[in-house]
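Residue-level listing of the chains:
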Amino acid sequence: GGVIHNTNGYIMIWAPDHPRATGYGYIYEHVFVWERIQGKSLPKGWIVHHLNGIKTDNRPENLAAMPRSAHRDLAKPYRERIRNLEAQLKELQQLKLTIG
């Protein structure tokens, strides 16, 4: 029982009676939180997206449900933006090392 972190970085909580529970009795915390706040089950084929991209930030205001297909399309511009920001960060870190 209790809380675990899975290998993909998500928090899972012990809820063996939940319809979405794994064979080990765990459910993704972000799905559980979204369903509790909304007062309904997550529709079939939908996912709960972390708006800020942090998989462990399961505050209700950071969660949005959407069809899985919409999530795939949503992620593309974010991945590109993250790549650009990471490149900029690397350049700044190298500049800092050069300047000392």
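Here the residue index of a chain counts from 1 through its sequence in written order. Where local features are concerned, this predicted model is filtered to residues with pLDDT of at least 70; where side-chain atom pairs are given and counted, the filter is 80 or more; whole-chain, interface and lining totals use all residues. Hydrogens and water are ignored here; the side-chain numbers use all heavy atoms of the structure.

## What about the layout of surface pockets?
Points on a 1 Å grid over protein atoms alone make up a cavity when a 1.4 Å probe fits among them but cannot get out, and a pocket when they form an open set with protein on both sides within 12 Å along at least five of seven lines; lining residues each have an atom within 4 Å of a point. Grid points are joined across faces, edges and corners, and a volume is the space filled by probe spheres set on the points. Looking at the largest pocket, its volume works out to about 740 Å³. What lines the largest pocket is a set of 29 residues, among which Tyr10, Ile47, Val48, His49 and His71 lie closest to the centre. By the criteria applied, helices consist of DSSP H or I runs no shorter than four residues and strands consist of E runs no shorter than two, each listed in order from the N terminus. The set of elements that each furnish at least two residues to the lining of the largest pocket consists of β3 (26-28), α1 (29-38), β4 (46-50) and α2 (68-99). Per-element tally for the lining of the largest pocket: the top contributor is α2, with eight residues. Residues of the lining of the largest pocket, tallied by class, amount to 16 nonpolar, eight polar and five charged. Charged means Asp, Glu, Lys or Arg here, nonpolar means Ala, Val, Leu, Ile, Met, Phe, Trp, Tyr, Cys or Pro, and polar covers whatever is left, Gly included.

Any link to function would need more than the numbers given here.
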